[in-house]
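If you want the building blocks of each chain, they are given just below.
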Amino acid sequence: METKEPKTKKVKEIKEKKVKEPKPAKEPKAPKEPKAPKAKKAKKQMPEGYIGRPKPMKVKKQIFHKPTTKNYVELVVVLLIVGFITYLGIRLANVSSVNLTNVVRYDFVADKAPASYVLENQKLKMELDPLTTTFTITQKDTGKVWYSNPVGAKNDKLALLKERQNMQSPFLLKYSTENGVDTLYDFYSSSIEKKVYEIEQKGNELTVNYSIGEIETVYIYPMAITEKDMDVWLEKMSKSEQRSVKSNYRRLEDGTFLPSDDVNQLMKDYPMLKDEAIYLIRDNVQVYLKEKAQTIFEKAGYTMEDFQKDLEMYAGAKAKNVPGFNVSVTYKLDGNNLIVDVPFDKISYKTDFPIIRLSILPYFGAGGFEDNGFLLIPEGGGSIINFNNGKTKQNSYFADIYGWDYATDRKAVMTETRAAFPVFGISNGDSSFISIINQGAEYAGINADISGRMSSYNYAYAEYKMIHGEQYEASSRNINTQYAYEKGLPKGESINQIYTFVDGNSYVDMAKAYRTYLFGNKNEVKDKDVPVAVEIVGAVDKVQQVLGIPKTRPYKLTSYKETSEIINRIEEKGIKNTSYKLTGFINGGVRQQFLKKVKYISQLGGKSGFNKLAKEVGDKESKLYLDATVQYSNRTGFAGGFNRFKDPARFASTEVCEISEYSPVFYAKLDTRDTYYLLKPSLTQKIVDRLTKDVAKTGIDGISFHDNGYQLSSDYNVRNKVSRSASKNMQVAEFESVKEKGLGVMVNAGNAYSLSTADFITNMVMHGNEYALIDKSVPFYQIALHGNVNFTGIPINLSPENKQTLLEAAESGAGLSFTFMKAQEKALQDTFYSEYYAANYDNWEERLAQMYSEYNASLGKVVGSRIDNHEYLSDVVTCTTFENGIKVYVNFGYTDFTTSGGLKVPARDYKVEAK
């Protein structure tokens, strides 16, 4: 009580101060007192006995009053609120709901299983242990045995418990929550140990159905249902079925509760009891009765949708909402191949716990400390990581197949990984295998790591992105991170990996196996001269003064007329088999605007100038390809035909795909550069159709796709979602439609799905990133392609080191690539195009002629020949042998090298040795 007295005094003092302080301020308000609104109201009072109705008349007049500013403000506020609610509704429509999908529990019965399940053909034998679902593959020709999981994984002293469980698991699964919290489940501790799986064998196929996580068998019948709705279902059943079903339920009605019932809790859980009776499933119903009830309801037409609806009122549903998943895997043998198939339609999950990653056989073929071998990864044209190389302080390897999906947002970019071909492999002892991702490569990334870091094993595997999610802000008041996810996995798609076993241990043997997969025994290239790709840059965007006003406009680097002159000068130098890529020739220049239709650039000569160019070059052996960007829109507004709300693809958060450039120094988004938009794939198709028609009219030879065949993205628009796999199929169809019109196709980088239609691949990465973990770069992809597709590396004159780029081309027998413009380098000042710093044709003309002459004389003989062998003679000297017997020695080092046959290969040079 003593503590309250001073508080009371303080309160009184404060009140006194508050009363005294406002008094002086009220004095000037005294003059307002003469206003007497009440007197006016008195005048409006009705006399006694008056029956008239003046008030409604006033209301009618108000209806015709002119809207005031306040009215407009209120209307705008209302519209904004309605718009926000609608927008939020759309956003939330894409967020996981609390409903459950049909996750079922499988039970393994050991008594009914054989000692092992066996698949066998003339080349391979597969034996699967039913107690662990791990298996072995035996190559019959060599006797080599491959294990799905390391034999000593359980006792690996280097690995922690979690890693040991991972190594005993044939698959790994990662799920997330609406708050973005990720959790990894291994199948060993989450399914196999619990015996919640089943194995089925049908002919030459073996299927394992896994239940993963906290699994309780879900039976499809009402858990709680109103009496009115139950009567509807009972009417569809026979009398005996009705009795059987009713015995599983307890009928609850207000006023009929048992003394043991917690009435308050029941009324809270089921408020509808105040108005109607309900049926509530009894606890501890025996399994056979549950199965019988499910069969009866299914016969009556009860569906999963009905179950989801009834489940919403069941109080027990929330308590049992824990992570649970189903994954089905099918194995099949075909010649030297093990085929692993995981259909998306056979993957189930609870929508509060979406699957975000799935790893397939992560430790298949893993090599230990005592093994000799290497991991083959798709870095650049291919790279190898030797077993046990001791580089445990380096990061493990990862690369996205086909690069980043630009329909996935990101805050910063440190490095962008990409692999043009969906292949990895392992060589161990005298044998090897490659794993080709036949379906689902669009979602895959390749992981690889060595022994000594996490475990005693070296391994490589494919990890797949499943349900895609994006972070979003639900409201400014909500400080928790929220994620929106796709509604489900793409229907009808699957993961399909082919493990091809090779009776040899070299990366060349592995590359030949991939070549057979791609082309069979074909040898398509019939050229006699080295292919040359020459890119000519027309215009770039640059801020220029227009009537004293700064405005971004196309800035000429090479006009259409100057392009014709450059081509003529190249032809006069005797450079043959040349394909010209016309970059920045349409729609505003290199950073191309929305390609609703082809717009020739007036600063370069306009449509008539381009047609004249096409006609002049048409009589020559050279080929012209018009370069075009079809997936993106730059610097285009509504006036240019671009609708930023309708035309772009969307992230999983439903935001439009507005993409930023990133700083190579700070890795964050660059505010100084304009953003651009990823277009929805259906619009890209229309653009390609229009582009194809316009190019066909000009008479030039083909289309160079700046993005298709190099970049691949999804569209997560909830109204018309396009998966990355579907987007790939659309790109392939676009290439085929161009070919059907008699036009050629040129692409950048050469993603594997473009190989069947591409006539020329430019900017192929020969040597990839020199990660410290990697031991050697090898031309795996080039070995598979040479003789079937023409390809070049990056432009020699624009590369950081011209000689290195030339040597990389010679190593794989690739063509030569250059980029030119007529303007001097100083024209690039005050632009974002410093990459063209060495592109002036006049400065390079003589070097071009000399370089081509020497290269074509040496390597022109191997243009149409496939590669038979590649080897390292030292750490910096390679030898490539072609099927026609010609050998190409390349010395990447800085000292001369002499071969065992006495041939001297100068430092930083190449030599050709005829058969």
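Up top you'll find the structure we're talking about.
Described below are features of the structure shown in this document. Please read all numbers here as calculations on a predicted model, not as lab measurements.

Conventions we followed
- Here the residue index of a chain counts from 1 through its sequence in written order.
- Only residues with pLDDT of 70 or above have their local features reported here, since the model is predicted, and side-chain atom pairs are shown and tallied only from 80 upward, although totals for entire chains, interfaces and linings are computed over all residues.
- No hydrogens and no water enter the side-chain calculation; it runs on all heavy atoms of the structure.
- Labels follow the DSSP assignment, with helices taken as runs of H or I lasting at least four residues and strands as runs of E lasting at least two, numbered in each case from the N terminus.
- Partly exposed residues are those whose accessible area sits between 20% and 50% of the maximum for their type, while under 20% is buried and over 50% is exposed, using a 1.4 Å probe and protein chains only.
- The criterion used for residue contact is that any of the two residues' heavy atoms lie within 4.5 Å.
- All accessible-area figures derive from a Shrake-Rupley calculation using a 1.4 Å probe, and residue coverage is judged against the displayed protein chains alone.
- Buried Ala, Val, Leu, Ile, Met, Phe, Trp, Tyr and Cys residues form a nonpolar core when they are joined through side-chain atoms within 4.5 Å.
- Classification of ring pairs uses Phe, Tyr and Trp, with its six-membered ring standing for Trp, and accepts pairs whose centres are within 6.5 Å; under 30 degrees between planes counts as stacked, over 60 as edge-to-face, and the remaining range as tilted.
- A ring has a charge above it when a Lys NZ or an Arg CZ is no more than 6 Å from the ring centre and no more than 35 degrees off the ring normal.
- A fitted line through C-alpha atoms serves as each axis, taken over the contacting stretch for helices, and the angle formed by two N-to-C directions is quoted from 0 to 180°.
- Angular relationships are summarised with four words: roughly parallel below 35 degrees, roughly antiparallel beyond 145, roughly perpendicular across 65 to 115, and oblique for the angles in between.
- Put simply, a crossing is left-handed when the front helix is turned counterclockwise from the back one by less than a right angle, and right-handed when it is turned clockwise.
- Of the two site types, the cavity is a set of points on a 1 Å grid over the protein atoms alone where a 1.4 Å probe fits but cannot get out, and the pocket is an open set with protein on both sides within 12 Å along at least five of seven lines, each lined by residues with an atom within 4 Å of a point.
- Grid points are joined across faces, edges and corners, and a volume is the space filled by probe spheres set on the points.
- Under the scheme applied, nonpolar residues are Ala, Val, Leu, Ile, Met, Phe, Trp, Tyr, Cys and Pro; charged residues are Asp, Glu, Lys and Arg; polar residues are all the others, including Gly.

Below, the discussion takes up the overall build of the protein. Looking only at helices and strands, the protein has 21 helices and 45 strands in total. When burial is assessed residue by residue, the protein has 52% of its 915 residues classed as buried. Restricting to contacts in the protein with at least 6 residues of sequence separation, those with at least 24 account for 69%. Put simply, the protein shows about 45300 Å² of open surface, and 51% of that area lies on carbon and sulfur atoms.

Our next topic: the nonpolar core. Met126, Ile137, Tyr331, Leu338, Ile360, Tyr499 and Tyr514 are the most contacted members of the largest nonpolar core, which totals 177 residues. In this structure, Tyr514 is in contact with Phe421, Pro422, Val423, Ile434, Ile436, Ala752, Phe780, Tyr781 and Ala784, ignoring residues within four places of it in sequence. Of all hydrophobic cores here, the second largest spans 33 residues; its members include Tyr219, Leu234, Tyr270 and Tyr302.

If you walk through the whole model with that rule in mind, you get 46 aromatic pairs. Relative to Phe501, the ring of Trp146 lies with its centre 6.3 Å away and its plane at 45 degrees, an arrangement referred to as tilted. With Trp146 in strand E4 (residues 145-147) and Phe501 in strand E25 (residues 494-502), this pair connects stretches of sequence that are 355 residues apart. Positioned above the aromatic ring of Trp146, the side-chain terminus of Lys144 is 4.9 Å from the ring centre. Residue placement shows Arg410 over the ring face of Tyr406; its charged tip is 5.4 Å from the ring centre.

Two elements in contact, helix H20 (residues 802-812) and helix H21 (residues 841-859), have axes separated by 12 Å at closest approach and are oriented at 25 degrees. Here H20 is positioned roughly parallel relative to H21, judged by the angle of their axes. H21 is crossed by H20, and the crossing has right-handed handedness. Only Trp844, Arg847, Met851, Tyr855 and Leu859 of H21 make contact with H20, whose side of the interface consists of Asn802, Leu806, Ala809 and Ala810.

Right, let's get into empty space enclosed by the protein. Under the counting rule described, the total for this entry stands at six cavities of 30 Å³ or more. Taken as a whole, the largest cavity encloses approximately 110 Å³ of empty space. Lining the largest cavity are Gln631, Leu678, Leu679, Pro681, Thr684, Asn708, Ser713, Ser714, Ser727, Met730, Gln731 and Glu734. Of all the secondary-structure elements, those providing two or more residues to the lining of the largest cavity are helix H17 (681-698) and helix H18 (724-740). In terms of residue count, the dominant contributor to the lining of the largest cavity is H18 (four residues). Within the lining of the largest cavity, the residues separate by chemical class into four nonpolar, seven polar and one charged.

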